[in-house]
Amino acid sequence: MERYDRQMRVTTIGKTGQAKLLTKTILIIGVGAIGSYAAEICARMGFGKLILMDRDYVEWSNLQRQSLFTEQDAREKQAKAYAAYKALQLINSDITIEYIVDDANMESLIPFAEEVDYLLDCTDNFATREMLNQFSFKYQLPWIFTSCAGNYANIMPIIPPYSACLHCLMGDLPQTNTASCDVIGVDGALIPIVAGMQVSLLTQMILKPDFSANTYYQLDNWQFIFRSFQVKKRSNCAGCSSKATIEKPFSKQTIALCGRDTVQFHLSQKSNFDIIKHRLLAEKITYLENPALLSFDYLHYQFIIFKNGRVLLHGTENILEAKKIYQLFFN
Ligand SMILES: [Zn+2]
């Protein structure tokens, strides 16, 4: 417990609080910008078990703000969840850390519903947040919504079934990614502030007997403006009331990743790297392989094929074009 000495001296945490943090399992959805920092803070503070879920691999444009990754991770196209797991293991080997290279969707999350105590939303899109909102109310899992773009950040703790949800706050969630950091960028210095607030709220949820949700925080790190608003739970909310109507299906459909010139789709089964490599060797196409994925250029596109059968095709946002290229290569 020596490593937590300075934290146990803090009166709001103390030895009892520290012991409590060590019993908690936190599922961190997305270990990109906010997720990197949040996961590192959680690991150092001694939350007992961290499960890291991320569907992406490390790219050069991530290094400006995603604190757990190195140039070597970008060169090797390491899966973010795996690279984060490796980095965090070196920081705290006393806690349990697991990683999952997958999309966060109902199908991939349900196996964790029993085990997990809290969720951190460190994703970059509202489609996933809408699914998280539904998942959290279905399994009564408290979570903390965060989003960042430019110099602005939004944060709200949500505690089902009593607190307001994301739809109580926003009504219909944004359908496009026009305000995401892929499109308008994000200030690297904003990220640790937001992640620090997110983990502070998480710690309070666990340790503060009178912690109350229903507060939405807004932050501008350029003007140094910090605001908080009370959010009322809507009695007929489509997301969290007994009249909830939003049903998010398993999200294995083909989607264009807006702002990233990329289409994502799923093979009908797990990828067989041996068969794909055989084909690549026959066509003299060079490839990169690591524990999570296989990557190669094909025509003027780039394929990233994950072990679980998920495929990213870089070079187009057009789903029909992506399907054509996929058929060209896989048939
Ligand atoms: Zn609601």
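- In the nomenclature of an unreviewed UniProt entry, the protein is known as Molybdopterin biosynthesis protein MoeB of Listeria immobilis.

Describing the coordination of the zinc ion
Around a metal, the perfect tetrahedron of four donors has angles of 109.5 degrees, and the perfect octahedron of six donors has angles of 90 or 180 degrees.
For step 1, the next point in the chain: Within the protein, the atoms that donate to the zinc ion are Cys-165 (SG), Cys-168 (SG), Cys-237 (SG) and Cys-240 (SG), at distances of 2.3 Å.
For step 2, the next point in the chain: Relative to the metal, the 4 donor atoms surrounding the zinc ion lie at angles of 100 to 123 degrees, and the coordination shape comes out tetrahedral.
For step 3, the next point in the chain: Sequence positions of the donors to the zinc ion reduce to the motif C-x2-C-x68-C-x2-C.
For step 4, the next point in the chain: Judged by its relative accessible area of 3%, Cys-237 falls in the buried class.
For step 5, the next point in the chain: Looking at Cys-240, the relative accessible area reads 12%, which means it is buried.

Side note on the pattern of salt bridges
For step 1, the next point in the chain: Summed over the entire model, instances satisfying the criterion amount to 12 salt bridges.
For step 2, the next point in the chain: A salt bridge links Glu-115 to Lys-49; the shortest N-O distance between them is 2.4 Å. One end of the pair, Glu-115, is in the loop between helix H6 (106-109) and strand E4 (118-121); the other, Lys-49, is in strand E2 (residues 49-54), and 66 residues separate them in sequence.
For step 3, the next point in the chain: A relative accessible area of 15% means that Lys-49 is categorised as buried.
For step 4, the next point in the chain: Its salt-bridge partner being Asp-56, residue Arg-260 comes within 3.1 Å of it at the nearest N-O pair. Residue Arg-260 is found in the loop between strand E9 (255-257) and strand E10 (262-266), and its partner Asp-56 is found in the loop between E2 and helix H4 (71-75); the two are separated by 204 residues along the sequence.
For step 5, the next point in the chain: Ionic contacts of the salt-bridge type, sharing partners, join the residues Asp-5, Arg-6 and Arg-9 into one network.

So, the sheet that holds strand E11 (residues 287-289)
For step 1, the next point in the chain: One open sheet holds the 6 strands; their spatial order is E9-E10-E14-E13-E12-E11, and the pairing between them is antiparallel. Each having just a single partner strand, E9 and E11 make up the two edges of the open sheet. Sheet twist, expressed as the mean angle between neighbouring strand axes with direction ignored, is 20 degrees.
For step 2, the next point in the chain: Of the strand pairs in this sheet, E9 and E10 are connected by 3 bridges, and their pairing is antiparallel. Directly across from Ala-256, in E10, lies its bridge partner Val-263.
For step 3, the next point in the chain: The sheet contacts of helix H11 (residues 273-282) involve E11, strand E12 (293-298) and strand E13 (301-306), and relative to E12 the element is tilted by about 25 degrees.
For step 4, the next point in the chain: Against the sheet, helix H12 (residues 319-330) makes contact with E9, E10, E12, E13 and strand E14 (310-314), and its axis sits at roughly 75 degrees relative to E13, the strand it touches most.

Some details on the sheet that holds strand E7 (residues 215-220)
One key point about sheets: their strands pair by backbone hydrogen bonds, in either a parallel or an antiparallel sense.
For step 1, the next point in the chain: Strand order in the open sheet formed by 8 strands is E3-E2-E1-E4-E5-E6-E7-E8, with mixed pairing between adjacent strands. The open sheet has two edge strands with one neighbour each: strand E3 (96-101) and strand E8 (225-230). Along the sheet, successive strands turn relative to each other by an average axial angle of 15 degrees, direction set aside.
For step 2, the next point in the chain: Bridging between strand E1 (residues 25-29) and E4 involves 4 bridges; their strand directions are parallel. Pairing of Ile-28 across the sheet is with Leu-120, part of E4.

Points about the UniProt feature "transmembrane region" (unreviewed entry) in the protein
For step 1, the next point in the chain: Listed under "transmembrane region" (unreviewed entry) in the UniProt record, and renumbered for this structure, are residues 21-39.
For step 2, the next point in the chain: Between the end C-alpha atoms of residues 21-39 the distance is 14 Å, and the span holds 42% helix and 26% strand.

Examining the packing of helix H2 (residues 14-21) against helix H10 (residues 190-207)
For step 1, the next point in the chain: Where H2 contacts H10, the two axes come as close as 10 Å, and the packing angle between them is 105 degrees. By the angle between their axes, H2 is roughly perpendicular relative to H10. From H2, Gly-17, Lys-20 and Leu-21 reach across to H10, where they touch Thr-203, Ile-206 and Leu-207.
For step 2, the next point in the chain: Grouping the constituent residues of the contact of H2 with H10 by class yields 3 nonpolar, 2 polar and 1 charged.

Overview of the side chain of Asn-290
For step 1, the next point in the chain: One can find Asn-290 in the loop between E11 and E12.
For step 2, the next point in the chain: By relative accessible area, Asn-290 is classed as buried at 8%.
For step 3, the next point in the chain: Polar side-chain contacts of Asn-290 include one of 2.6 Å to the backbone oxygen of Lys-77.
For step 4, the next point in the chain: The contacts of Asn-290, once residues within four sequence positions are left out, are Glu-76, Lys-77, Gln-78 and Ala-79.

Considering the packing of helix H3 (residues 33-45) against H10
For step 1, the next point in the chain: Where H3 contacts H10, the axes come no closer than 8 Å and their chain directions differ by 45 degrees. The orientation of H3 with respect to H10, classified from their angle, is oblique. Handedness of the H3/H10 crossing: right-handed. When H3 is examined against H10, the residues Ala-33, Ile-34, Tyr-37, Ala-38, Ile-41, Cys-42 and Met-45 are found in contact with a partner set consisting of Ile-191, Pro-192, Val-194, Ala-195, Gly-196, Gln-198, Val-199, Leu-202 and Thr-203.
For step 2, the next point in the chain: Tallied by class, residues from the contact of H3 with H10 come to 13 nonpolar, 3 polar and no charged.

Concerning the packing of aromatic side chains
For step 1, the next point in the chain: Tallied over the full model, the rule gives 15 aromatic pairs.
For step 2, the next point in the chain: A centroid spacing of 4.9 Å and a plane angle of 35 degrees characterise the contact between Tyr-326 and Phe-330, whose relative ring orientation is tilted. Of this pair, Tyr-326 and Phe-330 are both found in helix H12, 4 residues apart, which corresponds to roughly one turn of the helix.
For step 3, the next point in the chain: Measuring from ring centre to ring centre gives 5.1 Å for Phe-329 and Phe-330, while their planes differ by 80 degrees; the resulting arrangement is edge-to-face.
For step 4, the next point in the chain: Note on Phe-329: relative accessible area 2%, which makes it buried.
For step 5, the next point in the chain: Above the face of the Phe-329 ring, Arg-279 is positioned so that its terminal group lies 4.5 Å from the ring centre.

What counts, and where the lines are drawn
Residues numbered from 1 in each chain as written. Predicted model: local features only at pLDDT ≥ 70, side-chain atom pairs only at ≥ 80, totals over all residues. Heavy atoms only, no water. Donors = N, O, S within 2.8 Å, 3.2 Å for Na, K, Ca; no water. Tetrahedral: all angles 85-135°; square planar, octahedral: opposite > 155°, others 65-115°. Buried < 20%, exposed > 50% of the residue type's maximum accessible area, 1.4 Å probe, protein only. Salt bridge = Lys/Arg side-chain N within 4 Å of Asp/Glu carboxyl O. Helix = DSSP H or I, 4+ residues; strand = E, 2+ residues; numbered from the N terminus. Pairing = 2+ DSSP bridges. Axes fitted to C-alpha atoms, helices over the stretch in contact; angles between N-to-C directions. Contact = heavy atoms within 4.5 Å. UniProt positions renumbered as here; feature names shortened; annotations may be inferred. Parallel < 35°, antiparallel > 145°, perpendicular 65-115°, else oblique. Nonpolar A, V, L, I, M, F, W, Y, C, P; charged D, E, K, R; others polar. Polar contact = N/O pair within 3.5 Å; in protein donor to acceptor, adjacent residues only side chain to side chain. Left-handed = near helix turned anticlockwise from the far one by under 90°. Phe/Tyr/Trp six-rings, centres within 6.5 Å; stacked < 30°, edge-to-face > 60°. Lys NZ or Arg CZ within 6 Å of the ring centre and 35° of its normal.

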